[in-house]
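# Chains, contacts and geometry: an overview
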2 protein chains.
Amino acid sequence: MSRRVTIADVAAAAGVSLMTVSRVVNNNGPVSETTRQRVLEVIAELGYRPSELARGLVTRRTRTLGVVVPDVSNPFFAGILRGVEQVAYAQNHNVFLCNTEESPERELTVLQSLEDKHVDGLILCSSRMEDEQLAKVLEGFDAVVLINRFLHGSRVATVLVDDQAGGRHVVEHLLRGGRRRIGFLDGPLSSQSGRLRKAGHRAALADAGLSYEDVPAIDCAPSVSGGLEGARRLLRQHPDIEALVCYNDLVAVGALQACFSLGRKVPSDVAITGFDDIELAALVHPPLTTCRVPRYEIGLRAARLLMQQIHADDEDVEDLVVQPELIVRASAP
Amino acid sequence: MSRRVTIADVAAAAGVSLMTVSRVVNNNGPVSETTRQRVLEVIAELGYRPSELARGLVTRRTRTLGVVVPDVSNPFFAGILRGVEQVAYAQNHNVFLCNTEESPERELTVLQSLEDKHVDGLILCSSRMEDEQLAKVLEGFDAVVLINRFLHGSRVATVLVDDQAGGRHVVEHLLRGGRRRIGFLDGPLSSQSGRLRKAGHRAALADAGLSYEDVPAIDCAPSVSGGLEGARRLLRQHPDIEALVCYNDLVAVGALQACFSLGRKVPSDVAITGFDDIELAALVHPPLTTCRVPRYEIGLRAARLLMQQIHADDEDVEDLVVQPELIVRASAP
DNA sequence: TAGAATACTGTTAGCGCTAACACACCGATT
DNA sequence: AATCGGTGTGTTAGCGCTAACAGTATTCTA
């Protein structure tokens, strides 16, 4: 790479001062039409492009966002990231991506490095840090949006999924289909989403005059094998189950495999529902009825919220709750 | 955000010059042990962190990489990205992610913006740009690694998948299993990977004394529906087919569905193979025999190659060919 | 026609940092 | 005693850019 063309080169070649070039480039301040044309010509000729580094140092705007996720190769976060990058691109910003790999130490490290790089804003997904430490680190940023993480006692914009409504949709759908004896594969106890979805299940049952007390329910790992084992146990303990509500699509795929190995037909013997609507959900046999969490849209809206904060003068902070959508397929028609 | 602590604040508080602080921070140049300790104390007390922006401007190193992919939400690219970020993190670099959404114009735009941001190196996946234009744009970067794209007549480091070997593995495996009458769902004609895999198929058949001429083969879209349609047509035209070799796992899933709807048992009537080993491959029924493309590892190795270039003085450029691995599952035992 | 407003351009300073050099001080060498 | 080389520190300049102010020349107002 030969030396980059600088604003000084352009100024010299066009026979004007640095500021005149700067004014043309940034399109602010008055410049006569003839001068502007001459400068633009020289710029095109030399292929001048302003250094964002130097610019950022003086303007304190880097046109740069940070996105921190546990793991990009998780389709959920990849979808969010794509949404964020879409908005960033449309507004001439670039996106730093950082994986935390679920480690709070790494999370802290990457947040600091993003601060050192002077990002204009930060989108932090599913933070695993303690409230107090998180609040402190976030002070280093001008604009922040949290996704899937509520920070108590702090005015930070937040985007959340309405898991409770999603849980309710799923159960109501099964009840409408005439299934009364419903079993639950609840996923890991530690999951906040799981607890919220469970609350939604309970509410739907209560509305239908059913109690949650004697309902067959079991925790399981949020994976295919977790669903397989869990469903086997549940179906053996409660052979009268007509439907299985699963924590997410992976668990539901496991449940599907369990039904297959136990000779239970899906959906005629047992209906199955998942959650998230990952690609896989539509591709297994039978395809899964599930609750779609609009990950791309979450990314879009979080990024828009962030850009709003970046450009706004006031400190007002908006929150957002995204509604999941019931997707009916053959596993629970 | 209150004003950041600068090196001047530290220098003043410690009663030394800026350079002494700089020397302590960067651990270069001689500093007496007592001074070093005092400076370190002040740094810790004030919470000073050097501005990467200012540093980058003068050192011409931003500790920043760019990764350009068609679409992060494609698991293949997400896996690569994760590998790259892993290496970057380990070496204190940050990663700019850019999606091109398959648009050459957008690709050009993001490449320019990465140049403007002074990235130390670039990893470009599956570039859709013309050779000539690409070569020109890449001149703006000190270090470049291309993934899944060969650039003729230019010395650019490249990481490629050995698709031909992969294609060969798959067919050889089927032949070993005694299947002689093999059908091919070749994917889109435009795919370079597809052509290479096809060459591998042909070589394996030739080695077994079989000609490729009268072999049932058909192009199809690289998707589930493409595979479904293609397999239906192929199986109807050639009812004696014992195995289907599919362009990728999605096509294979479609083929699986086609066999199911035609009442052909997999693998007893028809064996099926995919390519890529996406998550889905292990989760359908029966699970797919496929060829694993190690996307995470590709990311790792591309990033290491890039870091090597960044730190090396010479202009030497290494290439890399990654071997796909045959994964045998129930769809073609 | 004086004075003010406007349009255009230039100069200066500085964002936060480090490279390069300058300098003072020490003990060791000739 | 003069010279050398090392060690620790400071000073200066400048990376590439823009904010803020300072001119000019021109036009407008009363």
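Residues numbered from 1 in each chain as written. Chains lettered and ligands numbered in written order. Predicted model: local features only at pLDDT ≥ 70, side-chain atom pairs only at ≥ 80, totals over all residues. Heavy atoms only, no water.

With that settled, the discussion passes to the protein's contact with DNA strand C. Among the 24 residues in the neighbourhood of DNA strand C, the closest are listed as R23(A), T35(A), R60(A), I7(B) and Y48(B). The separation between a phosphate oxygen of DNA strand C and a polar main-chain atom of S32(A) is 2.9 Å. Separating a phosphate oxygen of DNA strand C from a side-chain N or O atom of R60(A) is a distance of 2.5 Å. Among the elements of the structure, α2 (18-26) and α4 (52-59) of chain A together with α2 (18-26) and α4 (52-59) of chain B are those that each provide at least two residues to the surface near DNA strand C. The element contributing the most residues to the surface near DNA strand C is α4(B), with 4 residues. (Near = heavy atom within 4 Å. Polar contact = N/O pair within 3.5 Å; in protein donor to acceptor, adjacent residues only side chain to side chain. Helix = DSSP H or I, 4+ residues; strand = E, 2+ residues; numbered from the N terminus.)

Right, let's get into helix α1 (residues 7-14) of chain B. Every α-helix carries 3.6 residues per turn, so stepping three or four residues along brings you back to the same face. Residue and element names in this part refer to chain B. Within α1 the residues assigned to the buried category are V10, A11 and A14. Down the axis of α1, the buried set is contained in an arc of 100°. They therefore lie on one face. More than 90 degrees from the buried face of α1, the exposed residues found are A12 and A13. Once α1 ends, the next one or two residues include G15, with phi positive near 70°. (Buried < 20%, exposed > 50% of the residue type's maximum accessible area, 1.4 Å probe, protein only. Arc of directions from axis to C-beta.)

The two copies are related by a screw operation: chain B maps onto chain A through 180° of rotation and 0.0 Å of translation along the axis, at an RMSD of 0.1 Å. Both chain copies can therefore be described as sitting about a two-fold axis. Closest approach to the rotation axis among the C-alpha atoms of chain B is made by F96(B), whose C-alpha sits 2.2 Å away. The fraction of interface residues of chain B whose copies in chain A are also interface residues reaches 100%, indicating that both copies meet through the same surface. (Least-squares fit on C-alpha atoms with pLDDT ≥ 70 in both. Contact = heavy atoms within 4.5 Å.)

Here we come to the protein's contact with DNA strand D. As a matter of local geometry, DNA strand D sits amid 24 residues, with I7(A), Y48(A), M19(B), R23(B) and R60(B) nearest to it. Among all atoms of DNA strand D positioned within 4 Å of the protein, those belonging to sugar or phosphate total 62%. S22(A) is positioned such that a nitrogen or oxygen atom in its side chain is 2.7 Å from a phosphate oxygen of DNA strand D. Contacts to DNA strand D include T20(B), whose side-chain N or O atom sits 2.8 Å from a phosphate oxygen. Only α2 and α4 of chain A together with α2 and α4 of chain B provide two or more residues apiece to the surface near DNA strand D. Among the elements that take part in the surface near DNA strand D, α4(A) stands out by supplying 4 residues, more than any other. Partitioned by chemical class, the residues of the surface near DNA strand D number 12 nonpolar, 9 polar and 3 charged. (Nonpolar A, V, L, I, M, F, W, Y, C, P; charged D, E, K, R; others polar.)

This part is about the nonpolar core. Ranked by size, the top nonpolar core spans 96 residues in total, and within it L81(A), I123(A), V159(A), L81(B), I123(B) and V159(B) carry the most contacts. Apart from the residues within four sequence positions on either side, L81(B) is in contact with V72(A), L81(A), L97(A), V67(B), V72(B), V95(B) and L97(B). Counting 55 residues, the second-largest nonpolar core is a separate cluster that includes I218(A), L256(A), L280(A) and L288(A). (Core = buried A, V, L, I, M, F, W, Y, C linked by side-chain atoms within 4.5 Å.)

At the interface, 53 residues of chain B touch 53 residues of chain A. For the pair chain B and chain A, the two sides together bury roughly 4800 Å², of which 56% comes from carbon and sulfur. When the buried area of chain B at its contact with chain A is split by residue, L53(B), K117(B) and L283(B) rank highest and sum to 14% of it. Our count for the chain B to chain A interface comes out at 12 salt bridges. Measuring nitrogen to oxygen at the nearest pair gives 2.8 Å for the salt bridge that ties R106(A) to E85(B). Elements with a minimum of two residues in the side of chain B that touches chain A: α4, α5 (75-90), β2 (94-99), α6 (104-116), α11 (249-262) and α12 (279-283) of chain B. Sort the elements by how many residues they give to the side of chain B that touches chain A and α6(B) lands first, with 8 residues. Residue classes in the side of chain B that touches chain A are distributed as 23 nonpolar, 16 polar and 14 charged. (Buried area = accessible area lost by both parts, 1.4 Å probe. Salt bridge = Lys/Arg side-chain N within 4 Å of Asp/Glu carboxyl O.)

All names here are of chain A. Positionally, R329 belongs in the segment after β12 (325-327). Overall, R329 belongs to the buried group, its relative accessible area being 19%. Within the structure, the side chain of R329 is placed 2.9 Å from the backbone oxygen of L288, a separation counted as a polar contact. With sequence-adjacent residues up to four places away left out, R329 is seen in contact with D277, A281, A282, P287, L288, T289, T290 and R292.

Here chain A is partitioned into domain 1 (7-50), domain 2 (62-161 + 296-323) and domain 3 (163-292). The straight-line distance from the C-alpha centre of domain 1 of chain A to that of domain 2 of chain A is 36 Å. (Domains from an automatic or database assignment.)

All right, on to the sheet that holds strand β1 (residues 64-69) of chain B then. On the basis of which strands lie adjacent, the open sheet formed by 12 strands has the order β11(A)-β5(A)-β4(A)-β3(A)-β1(A)-β2(A)-β2(B)-β1(B)-β3(B)-β4(B)-β5(B)-β11(B) and mixed pairing. A strand with exactly one partner marks an edge of an open sheet, and here the two such strands are β11 (320-322) of chain A together with β11 (320-322) of chain B. Here the average twist between neighbouring strands, direction ignored, is 20°. Pairing geometry for strand β5 (residues 157-161) of chain B and β11(B), over 3 bridges, is parallel. Within β11(B), the residue paired with L160(B) across the bridge is V321(B). (Pairing = 2+ DSSP bridges. Axes fitted to C-alpha atoms, helices over the stretch in contact; angles between N-to-C directions.)

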